[in-house]
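# Architecture at a glance
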Amino acid sequence: MSEQPESGNARRVPLPGLASLAACADRMDAAWSLMRELYRICRSITGDGVRKTLARVAAEVPLEIVEVPSGTPVFDWEVPREWNVREAWIADESGQRVVDMRDHPLHLMSYSAPVDAVVPLEELRPHLHSIPEHPDWIPYRTSYYREDWGFCLTHRSLESLRPGRYRVRIDSDFKSGSLTYGECIVPGTSSDEVLVFTHVCHPSLCNDNLTGIALAALLAKELRGSEPRYTYRFVFAPGTIGSITWLARNEEGVRRVRHGLVVGLVGDPGPLTFKRSRRGDAEIDQVARYVLGRISPSARVIDFSPYGYDERQLCSPGFDLPVGRLTRTPNNEYPEYHTSADDFTLIERSALAESLFACAEIVRVLERNARYLNLSPKCEPRLGKRGLFRSTGGRHPGEFEHALLWVLNQSDGSKSLLDIAERSGLPFELIAEAADALVDVELLRPLGAAVEGGRQA
Ligand code: ZN
C-alpha cells in the first residue's frame, strides 16, 4: 500500500464510536436502559406520554420540543384533540378488578372516551378485544379517529369472565391541547440535510417503537461528536399524524433533505431490511443496498409500497422525498406485531446492534460519496512520478493502485465513488482513499455531493 498523504479535515470518517459491529454492541446496555424506562409510559399520538418520552430522549440528546395546537389544519387532516388518561379498569360484582391498565398500558384501547358505568357482560363484550390464536397475548388497539372505548385483554381472561354486571371506569379526557414532537439537529458543514424519522406513539411495545427511538437517539448522540458534512435532522414524532403535521410545518425546509431514513422495528431477529424510497433510484437506495449487502448475506431490499410507517407521508407524491425505511421484519409480518408479546423477549441485542451498525455505515458512505473530475483525462497520468505507484516493472499493481486507476478512469463527473466501487468490485473505503490521494496530487477535483439538489438532474 502506498504511503498516504495526511488526511485533511474533510476526510475524517464520522462515527468513530460506531466503527464496528462490536462497538455498536457495546452501546446496547445504554439502549436497553433507555427502552426499559420508556416501556411503561402510556404513549399515544398526543398527550403526556409523548411528552414524557421526549423528555427522556432529551436526556440523551438535545431536543427541540414542538407543540402544535389541536385543530391546526395539516393538509387534509387536522391535529386531533389531546388525549390523556389517569385510570382505566373493569371490576366484577365483588369489586375485583378483572382488567386494569395499571397492570399493562395495552389493556386500554388508545384514545378511549371516558366511561363510568355498570353494564352487563353482553353489553361489555363488544368493547373487549383479544386474540384467540394467542390466548396469553394482549392486542394493541386504537380508536384515534372515531369516538369509542374499549379494553384489550388476553383471550384467557376474556373467557374467564362470568355473566353478570361489571363496573367500567375510564378516566380519560379529550381537550384542546396539542400534538408534541421533538427534533434533534446535528449541524454539518453543509445545510443539505439527512433526515432520520422515528415514531413515538406506541405504548409498551418494544420492537415497534422503542427500538427505533433507541437507535435514533444513539445515532444522534454519536453524530454530535462527529462534525459531519451533512446536517442531520432527527425527528421523534407520533406516527402518521405526526409526520403529516411535521411536513405541514416544514414544507419549505424539506427541500434541504438530500437523503433520509425512517427507522423502526429494528430489534427483532429477522433479517435487516431496507425498503426503497418511492423514487427507487435515489442515492439512499443505492447506499443502503450496498451497505446491507456487505453487512449480512440475508439482508433484503424490498420495493416501496404506500403501506407501512411515515414513509407513506414523506414519500407522498407532493413531497416524494429520497427517504427509505430501515426495518428488520416489516410491520404486520410477525405474529407478535402490535401485541403484548412485542416485549423484551422478542428483541435481541445483536439485532439492534446490527441495525445501528447499518445506519452508521450508511452515514459513512453518504458522508464520503461524491463525484470527481479527472484533471488529466487524456491517457493515464503518470502515477509513479507523483509517488502514487509504489512499485513498477514486473509486479502487478495492488488493490490500491487498481483503485487509483478506476477512480481516474471513471471520474468524468458523472460517476460517484459508490458507482465506481460497485463497478470495480473494490471496497468503497479504498475507492474513497484513492480519490483523496488523487486530489492531493491535483489529478482530481471534487464536484461536491453525489446528488445535487436532492434529485438527480
Ligand atoms: Zn405500529
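Residues numbered from 1 in each chain as written. Predicted model: local features only at pLDDT ≥ 70, side-chain atom pairs only at ≥ 80, totals over all residues. Heavy atoms only, no water.

## Here we look at the nonpolar core
Within the largest apolar cluster, 87 residues are counted, with the highest numbers of intra-cluster contacts made by Phe234, Phe236, Ile362 and Leu438. Two domains each put at least three residues into this core: domain 1 (16–80 + 178–367) and domain 3 (369–456). If we ignore the near neighbours within four places in the chain, the residues touching Phe236 are Leu54, Val57, Leu63, Tyr181, Gly182, Thr198, Val200, Ile213, Ala216 and Ala217. Counting 59 residues, the second-largest nonpolar core is a separate cluster that includes Ala88, Leu153, Val235 and Leu346. (Core = buried A, V, L, I, M, F, W, Y, C linked by side-chain atoms within 4.5 Å. Buried < 20%, exposed > 50% of the residue type's maximum accessible area, 1.4 Å probe, protein only. Domains from an automatic or database assignment. Contact = heavy atoms within 4.5 Å.)

## Quick notes on the coordination of the zinc ion
In a perfect tetrahedron of four donors around a metal, the angles come out at 109.5 degrees. In a perfect octahedron of six, they are 90 or 180 degrees. The coordination sphere of the zinc ion, as far as protein atoms go, consists of His202 (NE2), Asp208 (OD), Tyr309 (OH) and His338 (NE2), spread over 2.0 to 2.2 Å. Geometry at the zinc ion is irregular, judged from the four donor atoms that bind it and their angles of 73 to 136° at the metal. In the primary sequence, the donor residues of the zinc ion line up as H-x5-D-x100-Y-x28-H. One end of the pair, Asp208, is in helix H6 (residues 206–223); the other, His338, is in the loop between strand E16 (323–327) and helix H10 (349–368), with 130 residues separating them in the sequence. (Donors = N, O, S within 2.8 Å, 3.2 Å for Na, K, Ca; no water. Tetrahedral: all angles 85-135°; square planar, octahedral: opposite > 155°, others 65-115°. Helix = DSSP H or I, 4+ residues; strand = E, 2+ residues; numbered from the N terminus.)

## Some thoughts on the environment of Asp92
Among the secondary structure elements, Asp92 is positioned in the loop between strand E4 (82–91) and strand E5 (97–100). Relative accessible area serves as the criterion here: at 24%, Asp92 is assigned to the partly exposed category. Once the C-alpha coordinates of Asp92 and Pro163 are considered, the two residues, 71 residues apart in sequence, prove to be 9.7 Å apart. Within the structure, Asp92 has its side chain in polar contact with the side chain of Ser94 (distance 2.7 Å). (Polar contact = N/O pair within 3.5 Å; in protein donor to acceptor, adjacent residues only side chain to side chain.)

## Looking at the pattern of salt bridges
Here the structure, examined in full by the defined rule, presents 35 salt bridges. For Arg294, the salt bridge identified is with Glu429, shortest N-O distance 2.8 Å. Here Arg294, found in helix H8 (residues 283–295), pairs with Glu429, found in helix H13 (residues 428–440); they are 135 residues apart in sequence, far enough to count as distant. Among the residues examined, Glu429 registers a relative accessible area of 32% and is labelled partly exposed. The network of salt bridges with common partners includes Arg86, Glu87, Asp116, Arg167, Arg169, Asp171 and Asp173. (Salt bridge = Lys/Arg side-chain N within 4 Å of Asp/Glu carboxyl O.)

## Comments concerning the domain arrangement of the protein
Its domain assignment divides the protein into domain 1 (16–80 + 178–367), domain 2 (84–175) and domain 3 (369–456). For domain 1 versus domain 3, the distance between C-alpha centres works out to 34 Å.

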